[in-house]
Amino acid sequence: MRYKSQSVAYWYFALALILFGLQIVFGLLSATKYLGPDPLLNIMPFDVTKTIHTNLLIVWLLTGFMGATYWMVSDESRSEIYSVKLAYIQLGLWAVMGVSAVVGYFFRYGTGNKFLEQPLPHKIVIVIVMLMFLYNVAMTIKRSGRFTTTEGVLLLGLGSSAVLYLPALLHYENYIVSIYYRWWTIHLWVEGVWEMIQAAFLAYLLIRLSGADREVMEKWLYVIVGLVFIAGILGTAHHYYWIGVPTYWLPLGGFFSALEPLALLGMAMYAYSAMRRSGVKHPNNLALHWTLGSAIFGLFGAGLLGLAHTFPDINKWTHGTLITAMHGHAAFYGAYAMIVLAMISYAMPSMTRTPHERGTSVGYWAFWLQISGMFGMTLSFATAGIGQVYLERVLGIGYLDVQLKIQIHFVMLVACGSLFATGVGLFIYDFFRHIPGSRTSDAATGAPFAASPATSTRVG
Ligand code: HEM
Ligand code: HEM
Ligand SMILES: [Fe+2]
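Residues numbered from 1 in each chain as written. Chains lettered and ligands numbered in written order. Predicted model: local features only at pLDDT ≥ 70, side-chain atom pairs only at ≥ 80, totals over all residues.

Trainee: Account for the overall build of the protein, naming residues and giving values.
Mentor: Broken down by element type, the protein carries 15 helices and zero strands. Along the first, second and third principal axes, the C-alpha set of the protein runs to 70 × 45 × 45 Å. Within the span of the protein, comprising 460 residues, buried residues form 48% of the whole. Put simply, of all contacts in the protein between residues at least 6 apart along the chain, 84% involve residues at least 24 apart. (Helix = DSSP H or I, 4+ residues; strand = E, 2+ residues; numbered from the N terminus. Buried ≥ 20, exposed ≤ 12 C-beta atoms within 10 Å, placed from the backbone. Contact = placed C-beta atoms within 7 Å.)

Dropping the structure here:
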């Protein structure tokens, strides 16, 4: 850690990981409800546990993005954070918002609009927090006078995420109109501006971890941003097929969304080529695992499994089935969860009193258990989804009868989910077992602490 104020990132990461743990609890709860008698039916039925599961996902990922941004901007701009106090107030407000929203969902206090269930007061707090955050980051950069392309792409992604949240603040009487604008937020987040955030973190990590040439990385970033704009914006139409809008959206959605995997392919390619041509070998091999893992799993989950159901001819069968859940899990995990875990793994060693640059064996177990667990979960959703589409949509068997026939896949989902949850538990344990404490490196020479192999030891 070069700058003392970077330690604010630790508390963002800590909150993100606690919420990640809770998200998994609610995922397992949702999955077990598919399997039979539900003793919790009257306290928290499926719709409540699923809402909490997906909302915690969004909140922990954004918490991770914010912490990682404070860390990265300080490092890139070679400056302390403009206001540490503001960063902590922001975190406090954010935590209260997130926790009270979850409590509210138990009492059905929410809008019922998938992913955007937050009630209006919470949405207003989200906007305030985003403004505080963007102001603090912008002022840090302005005061330092150093602004890199990587930071520019990150800020473009974060700033646009805030702007795209605005349609979610309004209430629409007409259901079609409501769904239409929902995708401006949800689709343009995950298949648009969040990809810029992922690409910026990827570039930063690859420059630091593999010694990749900054100029080359930044050229790639321009390509990714261009591809995201070309494909992602009109690609939104792959959610408009069946909602009651004019039919010209069908070919538009099919064509442009089929181009979307190119940006993800680009990211995987630049990660791979950075690795191949890497000069300096950084000791933090575990962070490199997460970094490359994010590029590759993102390409698989979002690119390949997204493409699998994006054409109208296929989507008319698979829409809203477990095929969607198959893709949603692999995509969110690969592209966004893994990049946050990569930033945490990179920053962590220098935020604690015990040096563990190479990654601990617990850390590697956490990585491989999560990867294999998530892969198994993706397969479980896929097999369940294929069965569901065939029985329900092709043969016309009723929804509940079909659910009974595909239960075995949910047994597999719970088994693989438990493997995944063990990996998450180990990651969280590995994070919290090290006592936080700042060990700033020599800011004068600019040598980042984490890049110094001399101080690295492997503990485990
Ligand atoms: C990291 C990037 C991505 C993430 C996190 C992601 C996540 C998701 C999620 C969570 C859903 C369900 C949304 C809902 O029903 O509310 C969804 C739907 C969908 N995604 Fe993605 N996605 C990504 C990229 C892609 C790409 C690149 C494509 C196409 C090539 C794609 C194609 C689709 C389609 C067609 C649907 C609608 C499924 C349906 O009709 O039920 N996604 N995605
Ligand atoms: C032990 C781990 C997990 C289990 C057992 C689990 C289980 C589930 C279940 C049963 C659903 C409801 C599917 C439906 O509507 O029928 C769901 C939804 C969802 N989960 Fe998970 N989940 C887990 C972890 C995760 C992780 C790590 C992520 C992302 C990084 C994630 C993202 C999502 C998303 C985006 C949805 C909404 C999908 C949609 O409606 O299309 N889950 N999960
Ligand atoms: Fe989409």
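Trainee: Hey, could you go over the packing of helix H1 (residues 8–32) against helix H3 (residues 84–106) for me, with residue numbers and the actual values?
Mentor: Between H1 and H3, the least distance of the axes is 10 Å, while the angle of their chain directions is 10 degrees. By the angle class used here, H1 and H3 are roughly parallel. Seen from H1, the contacting residues are Val-8, Trp-11, Tyr-12, Leu-15 and Leu-19; seen from H3, they are Val-84, Ala-87, Tyr-88, Leu-91, Ala-95 and Gly-98. Tallied by class, the residues present in the contact of H1 with H3 amount to ten nonpolar, one polar and no charged. (Axes fitted to C-alpha atoms, helices over the stretch in contact; angles between N-to-C directions. Parallel < 35°, antiparallel > 145°, perpendicular 65-115°, else oblique. Nonpolar A, V, L, I, M, F, W, Y, C, P; charged D, E, K, R; others polar.)

Trainee: A description of unusual backbone geometry should follow, citing residues and the corresponding values.
Mentor: Notably, Arg-78 is not glycine yet its phi reads approximately 50 degrees, a positive angle. Residue position: Arg-78 is located in the loop between helix H2 (46–77) and H3. Given 14 C-beta atoms within a 10 Å radius, Arg-78 is considered partly exposed.

Trainee: Give me the lowdown on the nonpolar core, citing residues and values where you can.
Mentor: One finds Ala-200, Leu-202, Met-267, Val-340 and Met-343 to be the most contacted residues of the largest nonpolar core, which totals 128 residues. The element that contributes the greatest number of residues to this core is helix H12 (residues 322–347), accounting for 19 residues. Beyond its immediate stretch of four places on either side in the chain, Ala-200 contacts Thr-150, Val-153, Leu-154, Gly-157 and Leu-221. (Core = buried A, V, L, I, M, F, W, Y, C linked by C-beta atoms within 7 Å.)

Trainee: Residues and numbers for the site of ligand 1, please.
Mentor: Taken together, 26 residues sit near ligand 1, with Ala-302, Gly-306, Gly-328, Ala-331 and Ala-335 positioned nearest. Elements with a minimum of two residues in the shell around ligand 1: helix H6 (175–210), helix H10 (285–307) and H12. It is H12 that contributes the most residues to the shell around ligand 1, six residues altogether. (Near = placed C-beta within 6 Å.)

Trainee: Can you explain helix H5 (residues 149–165)? Please cite residues and give values.
Mentor: With 17 residues, H5 should reach 24 Å at 1.5 Å per residue; the first-to-last C-alpha distance of 24 Å fits that figure. Residues of H5 that are buried sit in contact with H2, helix H4 (120–144), H6 and helix H7 (214–235). (Expected span 1.5 Å × (residues − 1).)

Trainee: Break down the site of ligand 2 for me, citing the residues and quoting the values.
Mentor: Gly-27, Ser-30, Gly-328, Phe-332 and Gly-417 are the nearest of the 20 residues found near ligand 2. At seven residues, H12 tops the list of elements feeding residues into the shell around ligand 2. In the shell around ligand 2, the residues fall into eleven nonpolar, eight polar and one charged.

Trainee: Explain the packing of H1 against helix H15 (residues 407–432) to me, and be specific about the residues and the numbers.
Mentor: Angle between the axes and distance between the axes are the two parameters that describe a pair of packed helices. At a minimum axis distance of 10 Å, the contact between H1 and H15 shows a crossing angle of 165 degrees. The pairing of H1 with H15 is recorded here as roughly antiparallel in orientation. Between H1 and H15 the crossing geometry is left-handed. Residues Leu-17, Phe-20, Gly-21, Ile-24, Gly-27, Leu-28, Ala-31 and Thr-32 of H1 pack against Phe-410, Leu-413, Val-414, Gly-417, Ala-421, Val-424, Ile-428 and Phe-431 of H15. Considered class by class, the residues forming the contact of H1 with H15 number twelve nonpolar, four polar and no charged. (Left-handed = near helix turned anticlockwise from the far one by under 90°.)

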